[in-house]
Amino acid sequence: MSLNRSEKEAVISEVTGLAAKAQTLVMAEYRGITVAAMDKLRVNARSNGVSLSVLKNTLARRAVAGSGFEVAVDQMTGPLIYGFSEDAVAAAKVVAEFAKTNDKLVIRGGVYAGKALDANGVKQLASIPSKEVLLAQLCGLLMSPISRTAVVLGALAAKKGEGAAEPAAEAAAA
């Protein structure tokens, strides 16, 4: 069933809005995937803040025209699912994780920071830890010298306390 002109314009404006907010676009070929598997992918994507859409490639090309995602126009061929995310790695993570368990989903490419990525680039982007994990690692690195200093000072205080307890015990005995 084809879309009429007003429906096409609505799809283009919706995707243009997604592209304006997104940092990352991931494209994957979904030929041969069952409906149940696709539903599972969509649920996982929604929970991670990724917008997945199956679009006509001509509409997708028009929607990303003039945006940072325009560099991927030449990759937009065949039956593709488009994943947009505001988080830099979320779309790549969702699609790459699903592709590990379902060999019918083939990552075609993507765009990050205005640069086109091939399938390996998307997989590398997916291997980057999430923002929350990176912040936790940074906090751990910042706290490490402080906690080591506290442990050393605590050990010194305990050692001094042991030495001070012996003369006090001798004085009490005398």
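My aim in this report is to walk through the structure given alongside it, one point at a time.

Rules used throughout
Residues numbered from 1 in each chain as written. Predicted model: local features only at pLDDT ≥ 70, side-chain atom pairs only at ≥ 80, totals over all residues. Heavy atoms only, no water. Helix = DSSP H or I, 4+ residues; strand = E, 2+ residues; numbered from the N terminus. Rg over C-alpha atoms; globule rule 2.2 N^0.38 Å. Buried < 20%, exposed > 50% of the residue type's maximum accessible area, 1.4 Å probe, protein only. Areas by Shrake-Rupley, 256 points an atom, 1.4 Å probe, with all protein chains shown as cover. Lys, Arg positive; Asp, Glu negative; His and termini not counted. Charge placed at Lys NZ, Arg CZ, Asp CG, Glu CD. Phe/Tyr/Trp six-rings, centres within 6.5 Å; stacked < 30°, edge-to-face > 60°. Contact = heavy atoms within 4.5 Å. Pairing = 2+ DSSP bridges. Axes fitted to C-alpha atoms, helices over the stretch in contact; angles between N-to-C directions.

Quick notes on the overall build of the chain
Here comes step 1: Regarding its fold elements, the chain presents six helices and five strands.
Here comes step 2: When the elements of the chain are put in sequence order from the N terminus, they spell out α-β-α-β-α-β-α-β-β-α-α.
Here comes step 3: Expected size for 174 residues packed as a compact globule is a radius of gyration near 16 Å; at 27 Å, the chain overshoots this value by more than 25%.
Here comes step 4: Each principal axis of the C-alpha distribution contributes one length, and for the chain these read about 105 × 35 × 25 Å.
Here comes step 5: Within the span of the chain, comprising 174 residues, buried residues form 32% of the whole.
Here comes step 6: As displayed, the chain offers around 10,700 Å² of accessible surface, 59% of which is attributable to carbon and sulfur atoms.
Here comes step 7: Side-chain charges in the chain split into 20 positive and 16 negative, and the spacing between the mean points of these groups amounts to 7 Å.

Let's talk about the packing of aromatic side chains
Here comes step 1: A complete count under the given rule lists one aromatic pair for this structure.
Here comes step 2: Seen from their ring centres, F69 and F84 are 5.7 Å apart, and the 75° between their planes marks the pair as edge-to-face. One end of the pair, F69, is in the loop between α3 (57–64) and β3 (80–85); the other, F84, is in strand β3, with 15 residues separating them in the sequence. A single burial state applies to F69 and to F84, both of which are buried.

With respect to the side chain of S53
Here comes step 1: With respect to the secondary-structure elements, S53 resides in strand β2 (residues 50–54).
Here comes step 2: Setting aside anything within four residues of it in sequence, one finds S53 in contact with L80, I81 and Y82.

Focus on the sheet that holds strand β5 (residues 115–117)
Here comes step 1: Strands sit in the order β2-β3-β1-β4-β5 across an open sheet of five strands; the sheet is antiparallel. The open sheet is flanked by β2 and β5, the only strands paired with a single partner. Geometrically, the sheet is characterised by an average inter-axis angle of 20° between neighbouring strands, direction not taken into account.
Here comes step 2: The pairing of β2 with β3 spans five bridges and is antiparallel. Within β3, the position partnered with L52 by the bridge is G83.
Here comes step 3: In this fold helix α5 (residues 119–126) packs onto β1 (24–29), β4 (106–112) and β5, with an angle of close to 70° to the strand it touches most, β4.

A closer look at the pairing of β3
Here comes step 1: β3 sits mainly inside the fold: six of its six residues count as buried.
Here comes step 2: Covered by surrounding structure in β3 are L80, Y82 and F84 together with I81, G83 and S85, the residues of both alternating faces.
Here comes step 3: Where β1 lies against β3, six bridges are found, and the strand directions are antiparallel. Paired with M27 across the strands is Y82, a residue of β3.

Remarks on the environment of V111
Here comes step 1: Mapped onto the secondary structure, V111 falls in strand β4.
Here comes step 2: Sequence separation between V111 and A92 is 19 residues; the distance between their C-alpha atoms is 9.9 Å.
Here comes step 3: In this structure V111 touches Q23, T24, L25, G68, F69, V71, A72, A116 and L117, once residues within four positions along its chain are discounted.

Structural notes on the pairing of β4
Here comes step 1: As paired elements, β1 and β4 share six bridges and run antiparallel to each other. Its bridge partner being in β4, V26 is matched across the sheet by G110.
Here comes step 2: Across three bridges, the pairing between β4 and β5 is antiparallel. Each residue of the ladder has a partner; that of Y112, found in β5, is K115.
Here comes step 3: What sits between β4 and β5 in their antiparallel hairpin is a turn of two residues, with A113 showing a positive phi close to 55°.

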